[in-house]
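Remarks on the overall topology
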Amino acid sequence: MTEQLSLLNGAADSNHHEQAHHQSLKSVQPLAYRMRPRKIEEVIGQTDLIGDGKPISMMVAANTLSSMLLYGPPGIGKTSIAQALAGSTNRRFIYFNAANGPKADLQNALAVANTEPIVLFVDEIHRLDHPKVDLLLASVEDGSVTLIGATTENPFINLPPALRSRMVIYELKPLTKDEILTGLKHALTDTDRGLGHYETAKKIDDAKLNYLADRTNGDLRLALSSLEILVKSGAPFDEEHIDATLGAGASKIDNGEDGHYDTIAWYCEAIKSSDVNAALLALGVLLNGNDMESAIRRIEVGLFEDIGVANMKLWTPVIDALQVARDVGLPKAQSVLSAVTVATCLSPKANASTKAIEFARKDAAKDDWRQPDMTRDMHYKGALSLGHGVGFVSAHQFPEHFWGQGLMPKGMENKTYYRPDTKAEAKFRQINDGLRAKMYPNAPKTKPLPADERGCEPKKS
């Protein structure tokens, strides 16, 4: 009997110790962590994905989650959305960091998935190595694991195609000023997880709260961190002390609502329009916000989308220079990016190749044409009996190594996708028309396109 009482007392003491430990742990958890949404309805922002008729909310309503990739800048709710999805669908939430998490932890998570539904959240998923990717593929494919990945990197560049093809990709946007304010005010009034029990939280001036929301450029985590420091320390809630708590984490330039994407668009359009000074100023805004990667991605895209074949000699040096920028990082990379920005601004521009694939894809989506039999694969037994490859004439059969046979589908010989129309593309226009005349003698020559079809804004009268 004494032993039993001793055991009961020990259990009671242990339970008391666990409660005290939990309370102690909660007191040191960051405010942003404590305020994470428990249900999808509590998520702030991302109204393109969450709300009536929106994809993530529809998944919750159907209690059917797809594996997904949440892509966007830091502090905008990627982890919060994953946790909220787990809470709203009664799934166990398991966190894994791809940068330093051991393979054994993934194996343990997959073992749990055999006994109960889980949401496996992989932070920095672009850093998963191949063995870990291979481990996940089968479970993601058969749906036994709902994988939610988070990344600040472009998934179309930095994620293995095998994994990316099994996930729905959602790009998250920086929160607007009003959404940041919503999160801050909620934290100030919440007496359980937030700061509602602090007297200093009840005396904060709305104008200064607006200033904090402006300064954090869509990063709610940064805003909540600053708020917690100021409220708990009792320091004056003014611009000087707000800036001090933010440190270098926020840009001094206020981009306003959706400023992140507006700045990227500005940078892109300035390069496209050859406005060197505007491009450099926009680049300065991005670098002040420590967003070098967005500038690099826009240059990479613009190199082929807007410069195209007009200046192919620029392709290799620009790609090499951007790799140097990534290698050295900021602040040294700013000189590299400045030089590349100037070079791409002043380069001749041509987007005929960009428009060409857009035209071609529209026709490719139709089902009223047939690939010519002469171009079909003939490297297997019986192909010739089907007529595959029969009649094909190679350019190498001619002394001048020039085409002697048209390869467009029947009835589409007059289709023209590549329509060069600038001085920089003059030689390509000559080659293009020469090829068409050789292959399709009855096809009309290409004609210059009106401005709207070239993908350019027509001049206003």
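Residues numbered from 1 in each chain as written. Predicted model: local features only at pLDDT ≥ 70, side-chain atom pairs only at ≥ 80, totals over all residues. Heavy atoms only, no water.

Convention followed: UniProt positions are given in the numbering used here, feature names are shortened, and annotations may be inferred rather than shown by experiment.
The chain carries the name Recombination factor in an unreviewed UniProt entry, which gives Secundilactobacillus pentosiphilus as its organism. Annotation of the chain in UniProt includes, under Sequence similarities (unreviewed entry), the sentence "Belongs to the AAA ATPase family. RarA/MGS1/WRNIP1 subfamily."

**So, the sheet that holds strand S2 (residues 92-97)**
How we decide: Should DSSP find at least two bridges between two strands, the strands are taken to pair. Runs of H or I in DSSP of at least four residues are treated as helices and runs of E of at least two as strands, each being numbered from the N terminus. Where helices are involved, their axes are fitted lines through C-alpha atoms of the stretch in contact, as for all axes, and angles between N-to-C directions lie from 0 to 180°. Residue contacts follow a heavy-atom distance rule, with two residues in contact if any of their heavy atoms lie within 4.5 Å.
The five strands are arranged S2-S3-S4-S1-S5 in an open sheet whose pairing can be described as parallel. Looking at which strands have only one partner, the edges of the open sheet turn out to be S2 and strand S5 (168-171). Averaged over all adjacent pairs, the angle separating strand axes in this sheet is 20°, with direction ignored. Both S2 and strand S3 (residues 118-123) contribute to a ladder of six bridges, which runs parallel. Paired with isoleucine 94 across the bridge in S3 is leucine 120. Where helix H4 (residues 78-88) meets the sheet, it contacts strand S1 (68-71), S2, S3 and strand S4 (146-151), and its direction lies at approximately 170° from that of S3.

**Considering the nonpolar core**
Where we set the bar: Grouping buried Ala, Val, Leu, Ile, Met, Phe, Trp, Tyr and Cys residues that are joined through side-chain atoms within 4.5 Å yields what is termed a nonpolar core. The buried label goes to any residue with under 20% of its type's maximum accessible area, the exposed label to any with over 50%, and the partly exposed label to all in between, with areas taken from a 1.4 Å probe on protein chains only.
Membership of the largest hydrophobic core comes to 27 residues, with the highest contact counts inside it found for Tyr267, Ile299, Val318, Leu322 and Leu337. Residue assignment for this core shows that the elements contributing at least two residues are helix H13 (259-272), helix H14 (276-288), helix H15 (292-307), helix H16 (315-328) and helix H17 (333-346). With 26 residues, the next largest nonpolar core counts Leu175, Leu184, Leu195 and Ala213 among its residues.

**Here's the deal with helix H11 (residues 220-233)**
We count it as follows: An expected span of 1.5 Å times one less than the residue number is assigned to each helix. Here a polar contact means two N or O atoms within 3.5 Å. Within protein one must be a hydrogen donor candidate and the other an acceptor candidate, and residues neighboring in sequence count only if both atoms are side-chain atoms.
If you check H11, its first and last C-alpha atoms are 20 Å apart, about what 14 residues at 1.5 Å a residue would give, namely 20 Å. Three or more residues of H11 are buried, namely Leu220, Leu222, Ala223, Leu224, Ser226, Leu227, Glu228, Leu230 and Val231. For H11, the capping residue at the N-terminal end is aspartate 219, with a side-chain oxygen 3.2 Å from the backbone nitrogen of arginine 221. Looking at the residues trailing H11, positive phi occurs at glycine 234, about 75°.

**Focus on the packing of H11 against helix H12 (residues 239-246)**
In a packed pair of helices, the relevant descriptors are the angle between the two axes and the axis-to-axis distance. The cut-off we apply is this: Each angle receives one of four descriptions, namely roughly parallel if under 35 degrees, roughly antiparallel if over 145, roughly perpendicular if within 65 to 115, and oblique otherwise. Less than a right angle of anticlockwise turn of the near helix away from the far helix marks a crossing as left-handed, whereas a clockwise turn marks it as right-handed. Any residue outside Ala, Val, Leu, Ile, Met, Phe, Trp, Tyr, Cys, Pro, Asp, Glu, Lys and Arg is labelled polar, Gly included; the first ten of those are nonpolar and the last four are charged.
Between H11 and H12, the least distance of the axes is 9 Å, while the angle of their chain directions is 120°. One way to sum up the angle between H11 and H12 is to call them oblique. The element H11 and its partner H12 pack so that their crossing is right-handed. Counting all contacts with H11, which are made through Leu222, Ser226, Ile229 and Leu230, the residues of H12 involved are His241, Ile242, Thr245 and Leu246. The residue makeup of the contact of H11 with H12, split by class, is five nonpolar, three polar and no charged.

**Here's the deal with the packing of aromatic side chains**
Definition in use: Paired rings are identified among Phe, Tyr and Trp, the last through its six-membered ring, by centres lying within 6.5 Å, and are further divided according to the angle between planes into stacked (under 30 degrees), edge-to-face (over 60) and tilted (the rest).
In this structure the tally under the stated criterion is three aromatic pairs. Here phenylalanine 93 and phenylalanine 121 contribute two aromatic rings whose centre-to-centre distance is 6.0 Å and whose plane-to-plane angle is 25°, an arrangement assigned as stacked. Taken together, the residues phenylalanine 93 in strand S2 and phenylalanine 121 in strand S3 connect sequence positions 28 residues apart. Consider the rings of phenylalanine 304 and tryptophan 315, whose centres lie 5.0 Å apart with planes at 55°: the pair is tilted. One end of the pair, phenylalanine 304, is in helix H15; the other, tryptophan 315, is in helix H16, and eleven residues separate them in sequence. With relative accessibility at 38%, the residue phenylalanine 304 sits in the partly exposed group. In this structure tryptophan 315 comes out as partly exposed when scored by relative accessible area, which is 24%. Taken together, the ring pairs in this structure connect Phe93, Tyr95 and Phe121 into an aromatic cluster.

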